[in-house]
Amino acid sequence: MKKLPTQKREYLAPPITEVGFIGWLHSNLFNNWYNSLLTIIILLLFWQLVPPFFSWAFINSLWNSSAAECRDIDGACWSIIPRNVDFIFFGFFPEDQQWRPGLAMFLLLGMVFYSKDRNRWKKSLFVYWTINLVVMGTLMYGGVFGMPVVETAQWSGLPLTFMLALFGMVAAYPIGVLLALGRKSRMPAIKTLCVVYIEMIRGVPLISLLFMSSVMFPLFLPEGVTIDKVLRAQAAIILFTAAYIAEVVRGGLQAMPRGQFEAADSIGLNYSQTMRLIILPQALKIVIPPSVGILLSAFKDTSLVVIIALYDILKTTKVTLSNPQWTNYSTEAYLFLALFYFICCYSMSSYSRKLEKELHTGH
Amino acid sequence: MNETVNKTPSDPADKPIIEIIKMHKWYGDFHVLSDINLQVQPKERIVICGPSGSGKSTLIRCINRLEEHQRGQIIVNGTELTNDIKNIEKVRMEVGMVFQHFNLFPHLSILDNLTVGPIWVRKTAKKKAEEQAMLYLEKVHIAEQAKKFPGQLSGGQQQRVAIARSLCMNPQVMLFDEPTSALDPEMIKEVLDVMIDLAEEGMTMIVVTHEMGFAKSVADRVMFMDEGQIVEENNPNDFFDNPKHDRTKLFLSQILG
Ligand SMILES: Nc1ncnc2c1ncn2[C@@H]1O[C@H](COP(=O)(O)OP(=O)(O)OP(=O)(O)O)[C@@H](O)[C@H]1O
Ligand SMILES: [Mg+2]
């Protein structure tokens, strides 16, 4: 082949206003007059708000003092948290026994961190979780090894919030997937059942489900039979979340090309194998972002259990604030709670983004 | 493997591996296949051609029950296709299919694409399934890609993987639905070469294709379909040199330019 004559050509650096910090400022903050105006207004607002907040929160603040000392300062009284941490975290759990929920929460967080690594998603992980849940349950309930029994009615604060959220999410997901598959089923009875269930649940707010589970449901039980109140709230949260998961998963199933079903059929996989090995792994991956949205709101919605007199972490905080000593420091307490919910939700959503990236196989 | 595989295809006493008798199919009110009769002997290689919408895909998809027929009989390897799911699964084990758009499983590695059928359907041990998969990947000249994912391969490579995936199930019959028509011209040959190898080894094949060169050199019989019927069938020489029906002549003149 004949070589083409190479042409001499100059490569110029782009103009200074296009690259680097100045270029970034120019193209993002000052690219026309109203953007420039907006930038300036926002900078002014920042100037007005940030320094006072900073001095309130960090300079003039007290971190571990009595309520009385707090009265003499202009800053934040963060002391409300450490001074009441026992009650905020563990509520009505007997004070001398609070090491038990403490240890249980420690185990739970340990398990969550351990499970983050996808290489550990094997059968053994399932076994570890089962063992851990049994241990945590025993720690919480007691009745063995000289630990006095603590009824579930006394479980409150952090353990209650985490328990309702974790089981709510973990149990709702598989139920939601089954509902979605049922809704796509060719058997009319199953299909109708799933549609009715999903639409009925989605048609009512969680609060009314919680009410029904705590007030109405017991009326239908035969006399003498009682079902634990926490368990009923838990069931309501699971059933509620499952209906939403089902619709999201159905969207994922619908996005699957027909060719995938046909290829699975043509090599002889049966229905459950096709779903388990071929369709669901792909469909669930597509719906990671909306599922995480649902799981996050399920997590936050656990705070609605206050209306049936369960004391989750939001309620224990409120009870703390009803103490006249601390009643003036609600801003601090709620900021702390906001931070708590934010950390939990943010870790979930950033983990899901990481997962999505890892599962991407280049198509 | 079935003993009949060793007999010659022309032996009239031979039991056909696929038998389609007076088969009709409708999509709703639309009579898409009408009175299809077809017998395929073991080792026979059949090419089906015809204009778009004539029902070629529908016909071969009925053979592994991706589509349901409403009248007549389809018997594959002695098993009649009915609503009985057991029969359908039995037939699908014996019939491999290669699609126009490959339909590989994008979330599985190439190796896993090949082993998922043997492991779950044939209950082969994982290690053995993987060894066998590597052999078939070598056969389609792509063993070095085993660890990659489908999205990382070219179209021609993906189609060869799809062929290997079907072969891993040890099928008696292979169905091809326009296996090269979604490929760039420079990749068509690599796929056709694999199919020719397969034909030479004695695989029973039904191929829907417009690659007339392939039909001429490989097919035992060529069929022309139009409007849901098999209009004409013949050996390739007579089919191309003396087409009998006007519709066949018209089609051939269009496709051969
Ligand atoms: N699922 C379906 N529902 C209704 N009609 C269909 C369906 N699939 C195919 N058809 C119709 O049946 C006819 C035959 O389709 P088929 O795909 O078998 O044709 P083909 O010969 O394979 O054509 P092509 O060369 O374009 O692939 C066409 O008219 C098509 O529109
Ligand atoms: Mg077709």
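Residues numbered from 1 in each chain as written. Chains lettered and ligands numbered in written order. Predicted model: local features only at pLDDT ≥ 70, side-chain atom pairs only at ≥ 80, totals over all residues. Heavy atoms only, no water.

This part is about the sheet that holds strand E1 (residues 18–27) of chain B. Residue and element names in this part refer to chain B. One open sheet accounts for four strands, arranged E2-E1-E4-E5; its pairing is antiparallel. Of all strands in the sheet, those with a lone pairing partner are strand E2 (30–40) and strand E5 (79–80), marking the two edges. Sheet topology places E1 next to E2; seven bridges connect them, and they run antiparallel. Bridge pairing in E2 links Ile 18 to Val 40. Its contacts with the sheet put helix H1 (residues 56–63) on E1, E2 and strand E4 (71–76), and the angle it makes with E1 is roughly 120°. (Pairing = 2+ DSSP bridges. Helix = DSSP H or I, 4+ residues; strand = E, 2+ residues; numbered from the N terminus. Contact = heavy atoms within 4.5 Å. Axes fitted to C-alpha atoms, helices over the stretch in contact; angles between N-to-C directions.)

Before going further, it helps to examine the nonpolar core. The nonpolar side chains of a soluble globular protein tend to be buried, and buried together. Membership of the largest hydrophobic core comes to 113 residues, with the highest contact counts inside it found for A:Phe340, B:Ile18, B:Ile20 and B:Ile48. The element best represented in this core is helix H7 (residues 158–183) of chain A, accounting for 12 residues. Those residues in contact with B:Ile20 that sit more than four places away from it in its chain are B:Ile36, B:Asn37, B:Leu38, B:Leu59, B:Ile63, B:Gln73 and B:Ile74. With 48 residues, the next largest nonpolar core counts B:Val98, B:Ala215, B:Phe224 and B:Phe240 among its residues. (Core = buried A, V, L, I, M, F, W, Y, C linked by side-chain atoms within 4.5 Å. Buried < 20%, exposed > 50% of the residue type's maximum accessible area, 1.4 Å probe, protein only.)

Our focus in this paragraph is the pattern of salt bridges. Enumeration according to the criterion identifies 22 salt bridges over all chains in this entry. Between A:Glu247 and A:Arg183 there is a salt bridge, and its shortest N-O distance comes to 2.8 Å. Of this pair, A:Glu247 sits in helix H10 (residues 229–254) while A:Arg183 sits in helix H7; the two residues are 64 residues apart in sequence, bridging distant segments of the chain. Here B:Lys249 ties to B:Asp246 by a salt bridge, and the two come within 3.9 Å at their closest N and O atoms. Note that B:Lys249 and B:Asp246 are positioned in helix H9 (residues 246–256) at a spacing of three residues, about one turn of the helix. We classify B:Lys249 as partly exposed; its relative accessible area is 40%. Taking relative accessible area as the criterion, B:Asp246 reaches 61% and is therefore assigned exposed. In the salt-bridge network here, residues are joined through shared partners; they are A:Arg183, A:Glu199, A:Arg202, A:Glu247 and A:Arg250. (Salt bridge = Lys/Arg side-chain N within 4 Å of Asp/Glu carboxyl O.)

Two numbers describe a pair of packed helices, the interaxial angle and the distance between the axes. Residues and elements named next belong to chain A. Interhelical geometry of H7 versus helix H15 (residues 330–359) gives an angle of 25° and a closest axis separation of 13 Å. Looking at the two axes, H7 sits roughly parallel to H15. Note that H7 runs across H15; the crossing there is right-handed. Each of Leu 158, Thr 161, Phe 162 and Met 169 in H7 lies in contact with H15, whose residues at this interface are Phe 340, Tyr 341, Cys 344 and Met 348. When the residues that make up the contact of H7 with H15 are grouped by side-chain class, the tally is seven nonpolar, one polar and no charged. (Parallel < 35°, antiparallel > 145°, perpendicular 65-115°, else oblique. Left-handed = near helix turned anticlockwise from the far one by under 90°. Nonpolar A, V, L, I, M, F, W, Y, C, P; charged D, E, K, R; others polar.)

What follows covers the environment of A:Phe89. Residues and elements named next belong to chain A. As for its placement among the helices and strands, Phe 89 is situated in helix H4 (residues 80–90). Using a relative accessible area of 23% as the deciding quantity, one classes Phe 89 as partly exposed. It is 16 Å that separates the C-alpha atoms of Phe 89 and Val 150, two residues lying 61 residues apart in sequence.

Before going further, it helps to spend a moment on the interface of chain B and chain A. In this assembly, 24 residues from chain B lie in contact with 21 residues from chain A. The contact between chain B and chain A buries some 2000 Å² in all, and 62% of this surface belongs to carbon and sulfur atoms. The largest contributions to the chain B side of the interface with chain A come from B:Phe105, B:His107 and B:Trp120, which together make up 29% of the buried area. The tally of links between chain B and chain A comes to two salt bridges. Here B:Arg92 and A:Asp265 are joined by a salt bridge, their closest N and O atoms 3.9 Å apart. The interface formed by chain B and chain A contains six residue pairs in polar contact (both at pLDDT 80 or more). Listed by contribution, the elements that provide at least two residues to the side of chain B that touches chain A are helix H2 (85–94), strand E6 (95–98) and helix H3 (110–120) of chain B. When residues in the side of chain B that touches chain A are grouped by element, the largest group, three residues, is from H3(B). (Buried area = accessible area lost by both parts, 1.4 Å probe. Polar contact = N/O pair within 3.5 Å; in protein donor to acceptor, adjacent residues only side chain to side chain.)

Residues and elements named next belong to chain B. Surveying the vicinity of ligand 1 reveals the residues Tyr 27, Phe 30, Val 32, Pro 51, Ser 52, Gly 53, Ser 54, Gly 55, Lys 56, Ser 57, Thr 58 and Glu 178. A distance of 2.8 Å separates an oxygen atom of ligand 1 from a polar atom in the side chain of Lys 56. Summarising the interface, the protein chains cover 61% of the accessible area of ligand 1, which totals 630 Å² for the free molecule. For the shell around ligand 1, the secondary structure elements donating two or more residues are E2 and H1. In terms of residues, the shell around ligand 1 owes the most to one element, H1, which gives three residues. Per-class residue counts for the shell around ligand 1 are four nonpolar, six polar and two charged. (Near = heavy atom within 4 Å. Areas by Shrake-Rupley, 256 points an atom, 1.4 Å probe, with all protein chains shown as cover.)

Further remarks concern the confidence of the model for chain B. On average, residues of chain B carry a pLDDT of 90, and 95% of them reach 70 or more. With pLDDT under 50 throughout, residues 1–9 of chain B is counted as low confidence; its partners more than four residues away or in other chains account for 14 contacts. (pLDDT = per-residue confidence, 0-100.)

Residues and elements named next belong to chain A. Remark: helix H11 (residues 258–266) packs on helix H12 (residues 271–286), axes separated minimally by 10 Å, with the N-to-C direction vectors making an angle of 160°. Relative to H12, the element H11 lies roughly antiparallel. Regarding H11 and H12, the two cross each other, and that crossing is right-handed. Between H11 and H12, the residues in contact are Gln 260, Phe 261, Ala 264 and Asp 265 and Thr 274, Met 275, Ile 278, Ile 279 and Gln 282, respectively.

So, on to the confidence of the model for chain A. Scored by pLDDT, chain A comes out at a mean of 86, with 97% of its residues at no less than 70. The secondary structure element of chain A with the lowest average pLDDT is helix H3 (residues 67–70) of chain A, at 76, and the one with the highest is H11(A), at 95.

Turning to the pairing of strand E3 (residues 45–49) of chain B, a few remarks are in order. Residue and element names in this part refer to chain B. In terms of burial, E3 is largely enclosed, as four of its five residues are buried. Of the strand pairs in this sheet, E3 and strand E8 (residues 204–208) are connected by four bridges, and their pairing is parallel. Bridge assignment links Ile 46 to a residue of E8, and that residue is Ile 206. Two elements, E3 and strand E9 (residues 221–226), share four bridges in a ladder whose sense is parallel. Bridge assignment links Val 47 to a residue of E9, and that residue is Val 222.

Residue and element names in this part refer to chain A. Scanning the entire structure with this criterion turns up zero disulfides over all chains. Cysteine Cys 344 remains unbridged, with the sulfur of Cys 345 as its closest cysteine sulfur at 6.5 Å. Given a relative accessible area of 15%, Cys 344 falls into the buried group. (Disulfide = S-S within 2.5 Å.)

This brings us to the sheet that holds strand E10 (residues 229–234) of chain B. All names here are of chain B. On the basis of which strands lie adjacent, the open sheet formed by six strands has the order E6-E7-E8-E3-E9-E10 and mixed pairing. Only two strands of the sheet have a single partner each, and these edge strands are E6 and E10. Strand-to-strand, the axes of this sheet are offset by a mean angle of 20°, without reference to chain direction. Note that E9 and E10 share five bridges and pair antiparallel. Paired with Phe 224 across the two strands is Glu 232, which belongs to E10.

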